Structure formats: structure tokens, C-alpha cells
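What follows is the residue order along each chain.
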Amino acid sequence: MSKIFTNKVNFLFLIILTLLFFRFVYLDQDSPSYMIGGICLEDEVVYSNSALRDYYNSNDKLIEGFKNLENEPFMFHSYPLHYLSYKCFGNTFIGQRAPAVLISLIIIILLYKITQHIQLEYYSIKEKGYFLPLFVLFLVSTDFTFFTFSRYNQPLIYSILAITLFLYILFQNNLKKNKTLILGVLGALSVLYIYPYNAFLPTGFFLGTFLYLVFNKESISEYKQLLFVSLGGLLGIFIFIIGLYLTGHSIQEYLGSFTEYDNARPTINTDSWFKNLLNPIGILTTNLFRFNPVLLWGFLFIIFHYGKLILTKKGKRYHFIILSIIIMAFFQSIFVNSYPFKKWIVLMPFAIVGVVEIMLNHKNKKELIGTFIPCLLIYLYAVKVNNSSVYWEALNYGYYDNLPFYFYVAFTISLILLLTFLLIKKIRFYPIIFIPFIASIYFVYFNKPSFATKEGLQKFAPKISNKPLFTTFAYSYSFYSNAIPLCNSYDIQFAPSRFSDYLLKIENANFDEVFYTLKIMPIDQENFNKKIGDSVLYNDQKLRLIDKFDTRYYKVFLLK
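Just so you know, these numbers come straight off a predicted model, no measurement behind them.

Draft legend 1. The arrangement of the overall build of the protein chain in detail. Helices and strands together make up the secondary structure of the protein chain, namely 27 helices and 6 strands. A buried classification covers 57% of the 560 residues belonging to the protein chain. Put simply, 75% of the contacts in the protein chain that link residues at least 6 apart link residues at least 24 apart. Accessible surface, the protein chain as shown: approximately 24700 Å² in total, 62% of it carbon and sulfur.

What follows is the structure in C-alpha cells.
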């Protein structure tokens, strides 16, 4: 029996390794519909500006006097890996995206170790110890949203890494003062070094620690734990400030970069505070959960299960901390809820922990069914609203694209099957529930992969080699060529007055030729099709059409 069990485990590990390998396949393909993936070609490069600038500088591809791919003070967390990747693979999509794949593999390993630790330390389950970690590996490897963010350059993958590492340290038994200090440092750096929207992590950590001490009526001496949480946060801030100055930046410059961005795209929506109060509910309908109702069930279960343990005075410290972090995420969404359909993927590690708790508490049928019913109702509502073009009006780029409806039916069936297998205790049938998730990944990424953007940029390359390239997103369209981008990300888009300044600089520089790229979304194509001929009027400049290429969702014109 032992040999048979070992062979089954090895076979499942082989399947998982195969699934993980496919994260590297077709890494240079076009991104899916924005509604599905939330990935934008231009934004991808923004998040590796510092590394790309230094890579171009090492290849003499920068022109003195122009603000070329400025070293943004809030992208240092990804710099080393991105610079190494650009040096290995060049200014290609693989060079840009390979770091995300590597980070995702680290996250998967950490979630595997967290699962092992929970079942061994908190539930004392040693027999068949491989089953639950393997289940989690299948769940993470086949999750559509996480697969997407594992293949494209976005800061959210680093946020997930920071949160997963936070949970890994938190679940270590006997959380001592030094680990409390480390968690405080990690919480602060996740906000300052990685993404400001991670603010719910350190605030939830402090709140959870405080509530744990209050509910358990700990002695005054135990409140020193709050001091270590605070000291850790202050130490994280100190490390960040030192890092800024060592790299030639200042706090004023760091804050200024966000102020300028916020002036163009306000972080806090004050149009309707009543609508803002509904934002926490909206988290449950975002891409993370609409593409995987099993994660939605795990997320709801962890809220109700940990809440019940706390109210019945059985709550451990990690129960208070995790529940408080989730509460602070809900609270934060009322004020800061930018692009919620994709950015709340950062809650994935908590949903995974919730699924682990479901599996370990499968004998408690009352809790299983009690959380399953609201999960199913919320999921059906999420499918309904997400499959309506009205839901995406704020992101109307002239097209609406989504997964075929039958995938959502299959996802729902998987959720129901999981509950059924738990109730009848048929462990060997669990892999069946992952089939629809694998199918959705295949359908979007491997069925008919498109490389139109890569091929189009390669077609532009001979024409713009060693030539200045100037547009709002020139850095994005300089890939696969030796073109020299003349402006920084968002400079012109966020400050229109700068456009005339750049034009004056270009005129004074007396370049022999200057090329422009122009991206036209479907919502604008009807108007531009009337104008694009041998020439086009672009920001009061008459430019000649040199070349163009089409992708599924937009057109790109090369002008001169």
C-alpha cells in the first residue's frame, strides 16, 4: 500500500510540475482582453523603468538632455531581477516578463510550506501528509487569475509575494518578539517599497495584535508586542529612507511622484460616498473570485470560521491578525479602490489559507454548508454582473471580451463537486474539479496564441533602428529594436503642457529623423480611419504614415 501511495504522490507531483512549466510557454504572446487579464502593454514597462533605463544606458541607447525612462523611486523592489533579465534576454517581452514567472514559483513554494505547517502544527495531522499540500499546489497552479499575473510584469505579483511571506512567518509556531519585529518591517516595506495599496497589511497586523491582547485580557507587560509591531514599522520606514538616499533620491521626490500621478488619476473617489460603502462587497465579485469560486468559498470560510473561533474565545493570535487584515482590506476599499477587478488578487493567499481550513474542517458539515450557500449565491451574482458590458463602462476601450459563459457553468459545477466530495469523503475524485480551470487557461493562452504585438514591433525595428522614438509610451514600442525612446512614462499623458516642451527640445536637437508611434483603441478607430492615409495630424503636427500593425484589440501606427 505504501508503494502504491508513493507512486500516486509522485505522479501527481509530475502533473503539477508540468502545469508549472507551462507558465514559461508562449511568454511573449499578446496579453488577453483587459477585462479578463487587466494587463496593459504600456503599463508593463512602467513597472521596470529603472532596470530598462540602465539596460539602455549600458547599450548607449539614451540621448543626453532628454528625460529617458527616469529611475522611478518606487520600483526598486523589482530592479535587480529585471535588470538581470534584460541583460539575459534583451528588450523583449521574455526579458520583461520572466521575473514574474520566477516570483510566482516562489509564492507557490511558500503556500505549499504554509499548508504543511498549518496541518502539522495546528491540527496535528501527520498521516497522508502530502494530500492537502498537493491539493493546494493543484489549486494555485490551475488558478486562472494567478496564472495571468504570473506571466506579465505587474507590481501585484510582488505584493502577493510580500503577503505570502508575511503569512509564512506568521504561521511559524511560538511567534516571538524578533519575528513580530520582522513582520512589522515587512509590512512597512510592502507599502513603501512595493505598492501603497498594501496599507491594509501593516494596519491589519497592528489591529489584530491589539485585539488579541484585549480579548485575552493579557497583562500590561504583554502589550510590549504592540511596541515591537510599531518598532518594526518604524525600522521599515528607516530602511526605506536610507535606500532612497543611497540611490540618489529623496522623500520629497518619492512623494512627488505619487502626487503627480494622483493629480491625473485621483486615488480616492469622492463622487459618491454611498457607492463607496458598497466597495467591500464588490471585492467578492472581482476577477480573483469570478474565475475561481473555490477561492471565494475559502475566503468566506476563513472570515466566518476565524470569526466564530474568536467569539467563542478559542481564537489564536493568527486568527485575530488574519481576520483584522481582511477587515482592513474591506475598510481600505471604501477610500482606495483603484481598478478593483484586478488589484484585489493580493487577497489570494488568504483565500488559499481559507481553502486549507475548509479541507481540515470537512467534518463540520454545518460550517461547510453554512458558508457554501452564500458563496454560491454571491458567485452567481458575480457571474451575472461581470458578464454585462454595463459593468465595464468605466473601462470602455471600444470592445467587450470575456470568457465564454459555459466556463462559468463549469466553474460552478466544480464548486458543487468539491462540497459533494467533502461530504461523502471521496478523496480520490478531487482532481476532477480542476479540469475546468485548466481548460480556461488553455482556451485563453494556448488554443490560438497571438504574437501580433511582438511581430509588429519586429517589423518596425529596421525602420527605427538607432532612431529617436517619441510618444507618450515610446519606451513600450522600443522593444525588439534599437530605437532610442525620448520620453518617460506618462509624462505627456499626465501633463499635456510637456508635449510642447518635448517638441521644442526635438526641434532644437536637429535630429535627422524622429519617429512616432500611435496606438488607436477600437473606440477611436472610426474617427482615425478617416484621418489615417499618407499623413495624420497628431497633436498639431502633420506626420507621415510609415507602417502599421493590427492586434486583436487595437492598431499601432508608425509615423514620421
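The structure having been displayed, the exposition proceeds.
Draft legend 2. Quick look at unusual backbone geometry. One non-glycine residue, K313, lies in the positive phi region at around 60°. Residue class for K313 comes out exposed when judged on its relative accessible area of 77%. Of note in the backbone geometry, N466 takes a positive phi value of approximately 60° without being a glycine. Along the chain, the position of N466 falls in the loop between helix 24 (452–464) and strand 1 (468–469).

Draft legend 3. Expanded view of the pairing of strand 6 (residues 555–559). Within strand 6, 5 of the 5 residues are buried, which leaves it mostly tucked inside the rest of the structure. On strand 6, burial covers both faces: K555, F557 and L559 on one face and V556 and L558 on the other are all buried. The pairing of strand 3 (residues 516–520) with strand 6 spans 5 bridges and is antiparallel. Paired with K519 across the two strands is V556, which belongs to strand 6.

Draft legend 4. A look at the environment of L380. By secondary structure assignment, the location of L380 is in helix 21 (residues 365–386). Assessed through its relative accessible area of 44%, L380 is described here as partly exposed. Spatially, the C-alpha atoms of L380 and V409 are 9.5 Å apart, while their sequence positions differ by 29 residues.

Draft legend 5. Structural detail: the pattern of salt bridges. As enumerated under the stated definition, the model contains 6 salt bridges in all. In this structure, R97 engages E44 in a salt bridge whose closest nitrogen and oxygen atoms are separated by 2.9 Å. Separated by 53 residues along the polypeptide, R97 in helix 6 (residues 93–122) and E44 in helix 3 (residues 41–46) bring together distant segments of the chain. Classification of R97 by relative accessible area gives buried; the value is 2%. Relative accessible area serves as the criterion here: at 0%, E44 is assigned to the buried category. A salt bridge links E367 to K308; the nearest nitrogen and oxygen atoms lie 3.1 Å apart.

Draft legend 6. Layout of helix 12 (residues 224–246). Spanning 23 residues, helix 12 covers 32 Å between terminal C-alpha atoms, matching the ideal 33 Å at 1.5 Å per step. Turning to helix 12, its buried residues number three or more, namely Q225, L226, V229, G232, G233, G236, F240, G243 and L244. Two residues or fewer past helix 12, G248 is found with a positive phi of approximately 80°.

Draft legend 7. Structural detail: helix 7 (residues 131–141). With 10 of 11 residues buried, helix 7 lies mostly within the body of the structure. For helix 7, the set of buried residues is L132, P133, L134, F135, V136, L137, F138, L139, V140 and S141.

Draft legend 8. View of the nonpolar core. If you look at the biggest cluster of nonpolar residues, it comprises 145 residues, and the most contacted ones within it are F200, W297, I322 and F350. Per element, the largest residue contribution to this core is 11 residues, and it comes from helix 9 (residues 156–170). What F350 contacts, discounting residues up to four positions off in sequence, is I163, L167, F200, F299, I302, I322, I325 and I326. Within the second largest apolar cluster, 10 residues are counted, among which are L486, I506, V514 and Y516.

Draft legend 9. Summary view of the packing of helix 17 (residues 293–311) against helix 20 (residues 348–360). Following both chains from N to C, one finds helix 17 and helix 20 inclined at 75°, their axes separated by 7 Å at the closest point. Taken together, the axes of helix 17 and helix 20 lie roughly perpendicular to each other. The segment helix 17 lies against helix 20, with V294, L295, W297, G298, F299, F301, I302, H305 and Y306 engaging M348, F350, A351, I352, V353, G354, V355, E357 and I358.

Draft legend 10. Molecular detail of the packing of aromatic side chains. This model, assessed by the stated rule, comprises 40 aromatic pairs. Both rings, one in F93 and one in F479, keep their centres 5.9 Å apart while their planes meet at 35°; by these two values the pair is tilted. In this pair, F93 sits in helix 6 while F479 sits in the loop between strand 1 and strand 2 (484–485), placing the two residues 386 residues apart along the sequence. The two residues F93 and F479 agree in class, both being buried. With 5.9 Å between their ring centres and 50° between their planes, F200 and W344 make a pair best called tilted. Taken together, the residues span a long stretch of sequence, with F200 in helix 11 (residues 200–215) and W344 in the loop between helix 19 (340–343) and helix 20 at a distance of 144 residues. Relative accessible area serves as the criterion here: at 1%, F200 is assigned to the buried category.

Draft legend 11. Expanded view of the side chain of R290. Positionally, R290 belongs in helix 16 (residues 287–290). Relative accessible area serves as the criterion here: at 0%, R290 is assigned to the buried category. There is a polar contact of 2.8 Å between the side chain of R290 and the side chain of Y408.

Draft legend 12. Here's a closer look at a nonpolar patch on the surface. Together, L235, F238, I239, I242 and L246 make up an exposed nonpolar region whose accessible area comes to about 470 Å². Position of I242 among the secondary structure elements: in helix 12.

Draft legend 13. Seen up close, the side chain of N153. Counting through the fold element by element, N153 comes out in the loop between helix 8 (144–149) and helix 9. Under the relative-accessibility criterion, N153 is labelled buried at 2%. One polar contact links the side chain of N153 to the main-chain carbonyl oxygen of E44, over a distance of 2.6 Å.

Draft legend 14. Main features of the confidence of the model for the protein chain. In the predicted model, the protein chain carries a mean pLDDT of 81, and 79% of its residues have values of at least 70. Averaged pLDDT values for the elements of the protein chain fall to 50 in helix 25 (residues 491–494) and rise to 95 in helix 17.

Criteria and cut-off values
Residues numbered from 1 in each chain as written. Predicted model: local features only at pLDDT ≥ 70, side-chain atom pairs only at ≥ 80, totals over all residues. Heavy atoms only, no water. Helix = DSSP H or I, 4+ residues; strand = E, 2+ residues; numbered from the N terminus. Buried < 20%, exposed > 50% of the residue type's maximum accessible area, 1.4 Å probe, protein only. Contact = heavy atoms within 4.5 Å. Areas by Shrake-Rupley, 256 points an atom, 1.4 Å probe, with all protein chains shown as cover. Pairing = 2+ DSSP bridges. Salt bridge = Lys/Arg side-chain N within 4 Å of Asp/Glu carboxyl O. Expected span 1.5 Å × (residues − 1). Core = buried A, V, L, I, M, F, W, Y, C linked by side-chain atoms within 4.5 Å. Axes fitted to C-alpha atoms, helices over the stretch in contact; angles between N-to-C directions. Parallel < 35°, antiparallel > 145°, perpendicular 65-115°, else oblique. Phe/Tyr/Trp six-rings, centres within 6.5 Å; stacked < 30°, edge-to-face > 60°. Polar contact = N/O pair within 3.5 Å; in protein donor to acceptor, adjacent residues only side chain to side chain. Patch = residues over 30% accessible without salt bridge, like charges linked within 9 Å, V, L, I, M, F, W, Y side chains within 5 Å. pLDDT = per-residue confidence, 0-100.

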